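# A structural walkthrough
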Amino acid sequence: MRTTPLPKSAVDEAERKVGAILDELEDDTHSEVKDINLEDVVENDKVSGQPAVHQAVEITVVPRAQRKWIK
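Every value quoted in this text rests on a predicted model; they were computed, and no experiment measured them. In every chain, residue numbers begin from 1 and rise along the written sequence. Reporting of local features is limited, given that this is a predicted model, to residues whose pLDDT is at least 70; pairs of side-chain atoms are given and counted only at 80 or more, and all residues count toward the totals for whole chains, interfaces and linings. Water and hydrogen atoms play no part in the side-chain values, which are based on all heavy atoms of the structure.

## What to know about the overall build of the protein chain
Basically, it comes down to this: By the criteria applied, helices consist of DSSP H or I runs no shorter than four residues and strands consist of E runs no shorter than two, each listed in order from the N terminus. We take the radius of gyration over the C-alpha atoms and set the globule estimate at 2.2 Å times the residue count to the 0.38 power. Whether two residues touch is decided by their heavy atoms; if any such pair falls within 4.5 Å, the residues are in contact. Only four residue types enter the tally: Lys and Arg on the positive side, Asp and Glu on the negative side, with His and both chain ends excluded. Throughout, a charge is located at the NZ atom of Lys, the CZ atom of Arg, the CG atom of Asp or the CD atom of Glu.
Within the protein chain one finds one helix and two strands. Listing each helix as α and each strand as β along the protein chain from the N terminus yields α-β-β. Relative to the compact-globule value of 11 Å for 71 residues, the protein chain shows a C-alpha radius of gyration of 18 Å, a clear excess of over 25%. Overall size of the protein chain, expressed as C-alpha extent along the three principal axes, is 60 × 35 × 15 Å. A fraction of 38% describes how many contacts in the protein chain between residues 6 or more apart in sequence connect residues 24 or more apart. The protein chain carries 10 positive and 15 negative side-chain charges, and their two centres are separated by 7 Å.

## A few points about the pairing of strand 2 (residues 51–63)
Our working definition: Each pair of strands is called paired provided DSSP finds at least two bridges between the two strands.
Bridge count between strand 1 (residues 31–44) and strand 2: 13 bridges; the pairing is antiparallel. When the bridges of strand 2 are listed, I36 appears paired with I59. As consecutive antiparallel partners, strand 1 and strand 2 are separated by six residues, and within that stretch G49 has a phi angle of approximately 80°, a positive value.

Here is the structure:
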């Protein structure tokens, strides 16, 4: 586990990458990201086959209103 803070440049780069992924998600699903949560989940470890706690990102999206303009 990291105990020292990351350099600002590393944080900025990570935010840019996450933002690009969220933009792509919204474009592909025609929706808007409503919420992002980091959760602990119990899954079987692929190596040992035993249950283990892992962290997972849960992204909640809501449909974007489809507008049809009258011509």
